[in-house]
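Survey of secondary and tertiary structure
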Amino acid sequence: MSTPIVGIDLGTTNSLVAIMRAGQPVLLPSPVGSLTTPSAVSIDDSGELLVGEAARARALTHPQRCATNFKRDMGTSRRQHLGELSMSAPGLSALVLTSLQRDAEAALGEPVTQAVITVPAYFGDLQRQATRDAASLAGIEVLRFINEPTAAALAYGLHRLDQELRALVLDLGGGTFDVTVLEIIEGVIEIQASAGDARLGGEDFAEALVELLAARIAEQQGVPPDLEDPQIHARLLAACERAKRRLSAAEEVRVPLPDFPLGDERLDLELSLTRADAEAHWQPLLARLRGPINRALTDAELEPSAIDEVLLVGGATRMPCLIALAARIFGRMPNRSLPPDEAVAMGAAIQAALIADDEAVEDLVVTDIAPFSMGVETSTRVAGRAIGGMFSPVLERGTVIPASRIEHYLPLHDAQDTLVLRIYQGEHALVRHNTLLGEIRVPLPRAGSSEHKSVGVRFTYDLNGILEIDAIVEATGDKHSLVIEQRPGALTASALERARAAMQRLKFHPRESLPNRTTLARADALHVQLRGAPRALLREQIQFFEVALSGQEPREIEQARESLQATIEGLSRFL
Ligand code: AMP
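What you are looking at is a predicted structure, and each value in this text was computed from that prediction instead of being measured.

Time to look at the overall build of the protein. Each helix and strand in the protein was counted, giving 14 helices and 28 strands. A compact globule built from 575 residues would reach a C-alpha radius of gyration of about 25 Å, and the protein, at 27 Å, matches this within 12%. The principal-axis extent of the C-alpha atoms belonging to the protein is close to 90 × 50 × 50 Å. By the burial criterion, 50% of the 575 residues in the protein qualify as buried. The contacts in the protein between residues at least 6 apart in sequence include a share of 64% that link residues at least 24 apart. Averaging the coordinates of the 56 positive side-chain charges in the protein and doing the same for the 77 negative ones gives two points 4 Å apart.

Quick look at the domain arrangement of the protein now. One widely used convention gives an interface's size as the accessible area the parts lose upon coming together. Examined at the domain level, the protein breaks down into domain 1 (5–200 + 297–369), domain 2 (374–477) and domain 3 (511–574). Put simply, the middle of domain 2 and the middle of domain 3, counted by C-alpha atoms, are 63 Å apart.

Taken together, 15 residues are adjacent to the ligand, and Thr13, Asn14, Glu241, Lys244 and Ser248 come closest. In the model, an oxygen atom of the ligand is placed 2.6 Å from a nitrogen or oxygen of the Lys244 side chain. At a separation of 2.6 Å, a nitrogen atom of the ligand approaches a polar side-chain atom of Ser248. Look at the ligand: alone it shows 510 Å² of surface, and the protein chains cover 86% of it. Elements supplying a minimum of two residues to the shell around the ligand: α5 (202–221) and α6 (230–247). Looking at the shell around the ligand, the element that brings in the most residues is α6, giving 3 residues.

Glancing now at the pairing of strand β11 (residues 141–147). Burial analysis of β11 places 5 of its 7 residues in the buried class, which makes it a mostly covered element. When strand β10 (residues 114–119) meets β11, the two strands line up parallel, connected through 6 bridges. Across the sheet, residue Ala115 finds its bridge partner in β11, namely Val142. The handedness of the β10 to β11 crossover, carried by helix α3 (residues 125–137), is right-handed.

With 18 residues, α6 should cover 26 Å at 1.5 Å per step; its first-to-last C-alpha distance of 25 Å lies within 8% of that length. Among all positions in α6, only Ile232, Arg235, Leu236, Ala239, Cys240, Ala243, Lys244 and Leu247 are buried. Looking down the long axis of α6, one finds its buried residues gathered within 170° of arc, a one-sided arrangement. Exposed and oriented more than 90 degrees from the buried face of α6 are Pro230 and Arg245. Buried residues along α6 sit in contact with α5, β15 (252–262), β16 (265–274), α7 (275–281), α9 (320–330) and α12 (514–529). For α6, the N-terminal cap is Asp229; the gap from its side-chain oxygen to the backbone nitrogen of Gln231 is 2.9 Å.

Before going further, it helps to examine the nonpolar core. If you look at the biggest cluster of nonpolar residues, it comprises 53 residues, and the most contacted ones within it are Leu168, Leu170, Leu273, Trp282 and Leu289. The contact partners of Leu170, leaving out residues within four places of it in the chain, are Phe177, Asp178, Val179, Ile293, Val310, Leu311, Leu312, Val313, Thr317 and Ala326.

Another aspect to go through is helix α4 (residues 148–155). Most of α4 is tucked away, with 8 of its 8 residues classed as buried. Within α4, burial applies to Glu148, Pro149, Thr150, Ala151, Ala152, Ala153, Leu154 and Ala155. Gly157 sits one or two residues past α4 and shows a positive phi near 70°.

Although it is not a glycine, Glu186 adopts a positive phi angle of roughly 50°. In this fold, Glu186 is placed in the loop between β13 (177–185) and β14 (188–197). Accessibility expressed as a relative area gives 72% for Glu186, which makes it exposed. Phi is positive for Glu301, close to 55°, though the residue is something other than glycine. Residue position: Glu301 is located in the loop between α8 (283–299) and β17 (309–313). The class of Glu301 is exposed, set by a relative accessible area of 71%.

At a minimum axis distance of 8 Å, the contact between α5 and α6 shows a crossing angle of 115°. The orientation of α5 relative to α6 falls into the category roughly perpendicular. Read as a crossing pair, α5 and α6 show a hand that is right-handed. On α6, the residues that touch Gly202, Glu203, Phe205, Ala206, Glu207, Leu209, Val210, Leu213 and Ile217 of α5 are His233, Leu236, Leu237, Cys240, Glu241 and Lys244. For the contact of α5 with α6, a count of residues per class yields 9 nonpolar, 2 polar and 4 charged.

So, about the packing of aromatic side chains. Enumeration according to the criterion identifies 1 aromatic pair in this entry. Measuring from centroid to centroid gives 5.3 Å for Phe205 and Trp282, while their planes differ by 70°, and the two rings are edge-to-face. With Phe205 in helix α5 and Trp282 in the loop between α7 and α8, this pair connects stretches of sequence that are 77 residues apart. Classification of Trp282 as buried rests on a relative accessible area of 2%.

The rules behind each value
- Residues numbered from 1 in each chain as written.
- Predicted model: local features only at pLDDT ≥ 70, side-chain atom pairs only at ≥ 80, totals over all residues.
- Heavy atoms only, no water.
- Helix = DSSP H or I, 4+ residues; strand = E, 2+ residues; numbered from the N terminus.
- Rg over C-alpha atoms; globule rule 2.2 N^0.38 Å.
- Buried < 20%, exposed > 50% of the residue type's maximum accessible area, 1.4 Å probe, protein only.
- Contact = heavy atoms within 4.5 Å.
- Lys, Arg positive; Asp, Glu negative; His and termini not counted.
- Charge placed at Lys NZ, Arg CZ, Asp CG, Glu CD.
- Domains from an automatic or database assignment.
- Near = heavy atom within 4 Å.
- Polar contact = N/O pair within 3.5 Å; in protein donor to acceptor, adjacent residues only side chain to side chain.
- Areas by Shrake-Rupley, 256 points an atom, 1.4 Å probe, with all protein chains shown as cover.
- Pairing = 2+ DSSP bridges.
- Right-handed = clockwise from strand over helix to strand, strands pointing away.
- Expected span 1.5 Å × (residues − 1).
- Arc of directions from axis to C-beta.
- Core = buried A, V, L, I, M, F, W, Y, C linked by side-chain atoms within 4.5 Å.
- Axes fitted to C-alpha atoms, helices over the stretch in contact; angles between N-to-C directions.
- Parallel < 35°, antiparallel > 145°, perpendicular 65-115°, else oblique.
- Left-handed = near helix turned anticlockwise from the far one by under 90°.
- Nonpolar A, V, L, I, M, F, W, Y, C, P; charged D, E, K, R; others polar.
- Phe/Tyr/Trp six-rings, centres within 6.5 Å; stacked < 30°, edge-to-face > 60°.

Written out as structure tokens, the structure reads:
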């Protein structure tokens, strides 16, 4: 019997897991019943790891013991600290993947060890390798990486349309913005261009509202809120995040700030915010979104009117101003018939099913573009002196992959017996600014002048980011090959083994009790923000819940948890 292959969207803020059932992609729920799992990890006082909703709730109360946004560090050596524990981005991502794997196993009732994982189109070799390492740590084999915009196009079924078309995917997540131009011809989805801003997302729109509200408070009360105080800032940000989301559906919202610290006092404030005010304040952010859109169109050599379909992906594309911006630029309404935060995971599940069925995989040749240039170091002779350290790209950034390209190189002088090929990735003219990937030493024939010692260097780059280099001495046909597996930042086999052993020593919070743990973490986060009577009410409910937990009577625990959840929902509205 074949094992199930799941599709995973491993996101910066949220991750999802999906599978095909009866020809439809279905998202699988987390233990707290949510279809999205926050990409957050936290360690509690007993050394147990929490992943997802509970970890995100604890980020407010225990920032030193929580890690978030680690997708941004993939392919780098940066580590995040959770209390005493220090973890790499692949290690943290492995914990999120493990959590999704367990959810999938719980939903499907069988082991899940194979997946299609989505990555941003701009993810380079190192970041893809780091993602593969993360999966490997979680005991998951990555059958295919698929680019997020390509996955979105699959979810929208563009590969099945019997027509040639150009689509543009706008993906505005919590912290990143990506624009991708796709060309779809006879079911083949090809990336034409991609551009983005790795520091622009929905969170910036909430942050902008913090400034607006702070200015309003200062105007109304004559005292500005102290935004330097992390607690005050966090409170305003939480209120603005809620207001921002509600403004996607309402023209005007009220923003209550009960018991808000202002100067030496605490005041019950309430402000109102219209969508028009918010949008006026977001103009600089909306203007920034235009940059990557224009860049992607220019790179693809297309006018906006040449785009047949505009797809909106990422939670923040729910904002009406974003929809209006897309409509204005492209002269047509964007397609947003799928939930924007689920489309990418759905596409990954579709790709997984295609691999599982072996059906039409040939038809659906998903192509990609090389996100970086890859090439070799060369030297030239200038006025009798050899000047080394120059970069000669073999596969240029933007080349459609899978791809294979060959370039020919000569030794510098007749007596040279070895050609040292240093392989680099990057865009700079001087190799010292690029990333060294590996080296091949090619012995040259003794006889003959340098012109007769040409070496053909072939770079072959596949969809999974594996780079193979063949160096062929043309006079003799001798071939020397290198498959780049050991990339900087990626783990060696022995390091992977050690990391796997270390993972096994980590204590996971038991899945069954996660709903309880998550509810407590959310209650605690709210308790930090409240004061006075609402705080006392919440504390009382927390106590009831603690009592129920100590009794270990499942029905009582469930009742107390539901009651605490209702209190949290009720009180959150007043924040
Ligand atoms: P993602 O990374 O795709 O999960 O996107 C998360 C971002 O989407 C966050 O910045 C959220 O604030 C934003 N978001 C989610 N729902 C809404 C909504 N209804 N209106 C505006 N932004 C939203």
